[in-house]
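Below, each chain spelled out in residue letters.
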Amino acid sequence: MKPLWYRRRRSAVSITELLIAVLIVALLFVLAMPIASSVRSRMLEAKCVWNLRQLGAAVMSHSAEHQGRILPHYRLEENGQTLAVDERTWPAVLIKAGYVENLDLFYCPAYYPYHNRTPGIANLRAGGGGLCYGMRAWRIPGANYHLSKSDYKKLSVIAAPSEFFLLADSYWITNKGQGYVLQPGAVDGNQFLHLRHRDRANLFFADGSVRSYTRADVEKINQTQAEYGNGAGFPCWPKL
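This write-up is about the structure you can find in this document. (Residues numbered from 1 in each chain as written. Predicted model: local features only at pLDDT ≥ 70, side-chain atom pairs only at ≥ 80, totals over all residues. Heavy atoms only, no water.)

### Some thoughts on the nonpolar core
Filter applied, for reference: Nine residue types can take part in a nonpolar core, namely buried Ala, Val, Leu, Ile, Met, Phe, Trp, Tyr and Cys, and a core is a set of them joined through side-chain atoms within 4.5 Å. Relative accessible area decides the class of each residue, using a 1.4 Å probe on protein chains only: under 20% of the type maximum gives buried, over 50% gives exposed, and in between gives partly exposed. Helix numbers and strand numbers start at the N terminus; a helix is a DSSP run of H or I with at least 4 residues, a strand a run of E with at least 2. Throughout, a residue-residue contact means that at least one pair of heavy atoms, one from each residue, lies within 4.5 Å.
With 35 residues, the main nonpolar core has Leu-55, Trp-90, Leu-166 and Leu-167 as its most contacted residues. If you list the elements that add at least two residues to this core, you get helix 2 (15-64), helix 3 (90-96) and strand 6 (165-168). Apart from residues no more than four positions distant in its own chain, Leu-55 is found in contact with Trp-90, Val-100, Leu-105, Phe-106, Tyr-133 and Leu-167. With 13 residues, the next largest nonpolar core counts Phe-165, Phe-205, Tyr-213 and Phe-234 among its residues.

Next comes the structure, spelled out in structure tokens:
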């Protein structure tokens, strides 16, 4: 029978065994990182889809209460009266009218300014850059098109609502963040649909659905819906 001191000595963990255990844990951590990153990315995508669905529902509710007219992305005046700066953008209209109370809905959780925004409406107004999801600027086919103006238009003039997006992930070069409007041709080379979700952008469509589109999908929109814009189409960011 071995003495007690011998058994105690053999039960101790050696430095070599401890190093091996640490290396195994570190290896498992490294292997788990891509999985954790992918899970987080998908969670942010799902939250973005939820945000767009809620905002889209608010836009549709506003339309239903305004004779089927869709809210414009920007209004300088209403009924002949010049609007205050914080009342001009589409988010400001929805907030003031009580359609949206949670301001977080206007920001994609996967991109600036979600984690760097100033509380309140400052980031959502034109004077503050309109840092939020972008609303599509469009015209009635055959009508005059003014890039600097937007007016109420009937949803009924849209031939294929399931293919016509109204809101989407946006990117403005000037503020390196989201922007409140998406205009055909990326006015001044500034406004882009943002492929921020694994090379895809989330879009809310006029039929009430939210779908994830690739660059190729956006290009199909540009080709089939040119009559709703100025023929330039919507470019994507990052640029090719």
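### Observations regarding the pattern of salt bridges
Formally: By definition here, a salt bridge exists when the distance from a side-chain nitrogen of Lys or Arg to a carboxyl oxygen of Asp or Glu is within 4 Å.
Taken as a whole and judged by the stated rule, the model has four salt bridges. The salt bridge involving Lys-96 is made with Glu-87; its shortest N-O contact spans 2.7 Å. A salt bridge links Asp-169 to Arg-196, with the shortest nitrogen-to-oxygen separation between them at 2.7 Å. Here Asp-169 is found in the loop between strand 6 and strand 7 (170-172), whereas its partner Arg-196 is found in the loop between strand 9 (191-194) and strand 10 (201-205), with 27 residues between them in sequence. Like Asp-169, the residue Arg-196 is buried in the burial classification.

### A few points about the sheet that holds strand 7
Keep this limit in mind: Whether two strands pair comes down to DSSP finding at least two bridges between them.
The three strands are arranged 7-9-12 in an open sheet whose pairing can be described as mixed. Whereas interior strands pair on both sides, the edge strands pair on one side only; in this sheet they are strand 7 and strand 12 (236-237). As paired elements, strand 7 and strand 9 share three bridges and run antiparallel to each other. Note on strand 9: the bridge partner recorded for Ser-170 is Leu-193.

### Points about the pairing of strand 6
The sheet contact formed by strand 4 (residues 134-136) and strand 6 spans two bridges and is antiparallel. Each residue of the ladder has a partner; that of Met-135, found in strand 6, is Leu-167. Across three bridges, the pairing between strand 6 and strand 10 is antiparallel. What sits directly across from Ala-168, in strand 10, is Leu-203.

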